[in-house]
Amino acid sequence: MQIIALSNQKGGCGKTTSAINIAASLASMGKRALLIDLDPQAHATFGLGIRNEKIENSIYNVLTEQKGKKKYFIEDAIIPIDTHLDLAPSHILLSTIEQEFTNKDESVSRLHEVLAALSFPYDFVVIDCPPSLGFLTFNALRAAQTVIVPVELSSFSLMGVSKLLSMIELIRVKLRHTPKVYALPTLVDMRTNFSKYMIHEIRGAFGENIFNSFIRQTVAVKESQAKGTPLIKYNSRSKGAADYLMLTQEILNKVPSVEEIMKTQPSNRLAGSANRLYDFSFKKEGAKEVHIVGDFNNWSVSNQSLLWQKEKDIWQKRLSLEPGRYRYKFVVDGEWTTDPSNHSIEPNPYGGLDSVLEVD
Ligand SMILES: Nc1ncnc2c1ncn2[C@@H]1O[C@H](COP(=O)(O)OP(=O)(O)OP(=O)(O)O)[C@@H](O)[C@H]1O
Ligand SMILES: [Mg+2]
């Protein structure tokens, strides 16, 4: 699963337009895509035609960690939009979420952890960031393997980009996570010398890490957003749709494959590194709450150990595990039990049995 964040603290440079249309173009090419709207303004949510009244749970419910509140999984918030295209919608409460966290060090990796446990098999997750460099953007940059920085060619929009690059550098040094960063020229009007000048300036800041594709100014963008539909659906022959398809093809050529990530970042604990993803599932009629505990989480029952209720009586959780040998159990409404779908069981020192999983 590739995670791409669209980020630039400058407002109105095409983050949301690009996030929507990259996700929709990926879906049109047969890739399973999830768009996460991480901006409290909820423009991506509205841009896909989703109104407040249709939203039961948002990414806010998933990221919040207020004590005593019900735990939500990202799967609970996802709204299907089209074939291969889903949305995790935003909520205005996201704007205040930072103040809820007492442990700031852990809080910056919330989205990263949520996505590592995501059980739907997406090929791509596209994150639309707000126009600021706060907690939400930090979470997105921490989770992403690729960061696309839209740069509006019709103004001096490179101002401030150095702050974003410094934040990425901080993530590299502190969290040992190094996303690839690319500039994307947007709102391009090639008839003007100013656009040509700006391309030159972008090369100065980003070197070779600039897309060859660029997004031209076109009235179809506003029209499609007013209709709540991506360009490719609104008018697949428009120049806007063509620009985003070409860009998406370039993204597919550029983004590192899972194998490349393993080679360059062996210590990266993201899904796709040396870790293996395991899907645990448990079935029990009438169960209210199912946890999984084991050597991988110090056998502790917490919000983090909860399984997601996939459908009535079926519970599921995806874990990213380093190679090793793990004993584990399910905790079903307070009762500890082995995994019925795993025949590998061995006695524990307390006279009971544990399930055993070997990850190689
Ligand atoms: N290629 C384009 N052609 C014409 N208009 C565009 C294009 N891309 C974006 N716009 C318009 O420019 C405005 C800003 O775009 P968008 O919302 O995508 O930027 P943003 O970076 O997400 O803004 P914010 O920082 O507020 O989140 C919108 O009104 C959008 O319709
Ligand atoms: Mg936006």
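Throughout this document, residue positions are counted from 1 along each chain, in the order its sequence is written. Written order decides the labels, with chains lettered from A and ligands numbered from 1. Residue-level local features of this predicted model are given only where pLDDT is at least 70; pairs of side-chain atoms are given and counted only at 80 or more, and the full residue set underlies all totals for whole chains, interfaces and linings.

### Observations concerning the pairing of strand β3 (residues 79-82)
Right, on to step 1. For two strands to be treated as a pair, DSSP must find no fewer than two bridges joining them. Each helix is a run of DSSP H or I of at least 4 residues and each strand a run of E of at least 2, with the numbering of both proceeding from the N terminus. Bridge count for β3 against strand β4 (residues 85-88) is three bridges, and the pairing is antiparallel. Among the inter-strand pairings, P80 is bridged to a residue of β4, identified as D86.
Right, on to step 2. Where β3 hands over to β4, the hairpin turn is made up of two residues, of which H84 adopts a positive phi near 70°.

### Details of the packing of helix α7 (residues 135-143) against helix α8 (residues 161-175)
Angle between the axes and distance between the axes are the two parameters that describe a pair of packed helices.
Right, on to step 1. In this analysis, axes come from line fits to C-alpha atoms, helices being fitted only over the stretch in contact, and the angle between any two N-to-C directions falls in the range 0 to 180 degrees. It is the contact of α7 with α8, at a shortest axis distance of 10 Å, that shows an interaxial angle of 60°. For the element pair α7 / α8, the angle class is oblique. The handedness of the crossing between α7 and α8 comes out as right-handed. Note on element contacts: α8 touches α7 through M167, I168, I171 and L175, opposite F138, L141 and R142.
Right, on to step 2. Note on residue categories: nonpolar means Ala, Val, Leu, Ile, Met, Phe, Trp, Tyr, Cys or Pro, charged means Asp, Glu, Lys or Arg, and polar means any other residue, Gly included. Classifying every residue of the contact of α7 with α8 by side-chain character gives six nonpolar, no polar and one charged. With respect to orientation, any angle under 35 degrees is reported as roughly parallel, any angle over 145 as roughly antiparallel, any angle of 65 to 115 as roughly perpendicular, and every other angle as oblique. The hand of a helix crossing depends on one turn: near helix anticlockwise from the far one by less than a right angle means left-handed, and clockwise means right-handed. Whether two residues are in contact is decided by their C-beta atoms, placed from the backbone, lying within 7 Å.

### Let's talk about the domain arrangement of the chain
Right, on to step 1. Note that the domain bounds were set by an automatic or database domain assignment. Domains assigned within the chain are domain 1 (2-264) and domain 2 (276-359).
Right, on to step 2. On a C-alpha basis, the centroid separation for the pair domain 1 and domain 2 is 34 Å.
Right, on to step 3. Opposite the seven residues of domain 1 that make contact, domain 2 presents nine residues.
Right, on to step 4. When grouped by side-chain class, the residues that make up the side of domain 1 that touches domain 2 number four nonpolar, one polar and two charged.

### Side note on unusual backbone geometry
Glycine aside, negative phi is the norm for most residues, and most peptide bonds take the trans geometry.
Right, on to step 1. A positive phi is found at H84, a non-glycine position, where the angle reads about 70°.
Right, on to step 2. Relative to the assigned elements, H84 resides in the loop between β3 and β4.
Right, on to step 3. If you check the backbone angles, L187 has positive phi at about 45° while not being a glycine.
Right, on to step 4. Take L187: it is sitting in the loop between β7 (180-186) and α9 (193-206).
Right, on to step 5. L187 sits in the buried class, given 22 other C-beta atoms within 10 Å. The burial criterion counts other C-beta atoms lying within 10 Å of a residue's C-beta, which is placed from the backbone; the residue is buried at 20 or more, exposed at 12 or fewer, and partly exposed between these limits.

### A word on the sheet that holds strand β5 (residues 124-128)
Right, on to step 1. If you trace the seven strands from one edge of the open sheet to the other, you get β3-β4-β2-β5-β1-β6-β7, paired in mixed fashion. Edge positions in the sheet fall to β3 and β7, since each of these pairs with one other strand and no more. Each strand axis lies, on average, 25° off the axis of its neighbour in the sheet, ignoring direction.
Right, on to step 2. Of the pairings in the sheet, the one linking strand β1 (residues 2-6) to β5 comprises five bridges and is parallel in character. Residue pairing in the sheet places I4 in a bridge with V126 of β5.

### Description of the nonpolar core
Right, on to step 1. Linking buried Ala, Val, Leu, Ile, Met, Phe, Trp, Tyr and Cys residues through C-beta atoms within 7 Å yields a set, and such a set is a nonpolar core. Formed by 88 residues in total, the largest nonpolar core has its most connected members in A23, L35, V126, I127 and A140.
Right, on to step 2. For this core, the element with the highest residue contribution is helix α1 (residues 15-28), accounting for seven residues.
Right, on to step 3. Structurally, this core is a two-domain feature, drawing no fewer than three residues from each of domain 1 (2-264) and domain 2 (276-359).
Right, on to step 4. Sequence-distant contacts of I127, defined by excluding residues within four places in its chain, comprise I3, I4, A5, L6, I36, L38, A140 and A144.

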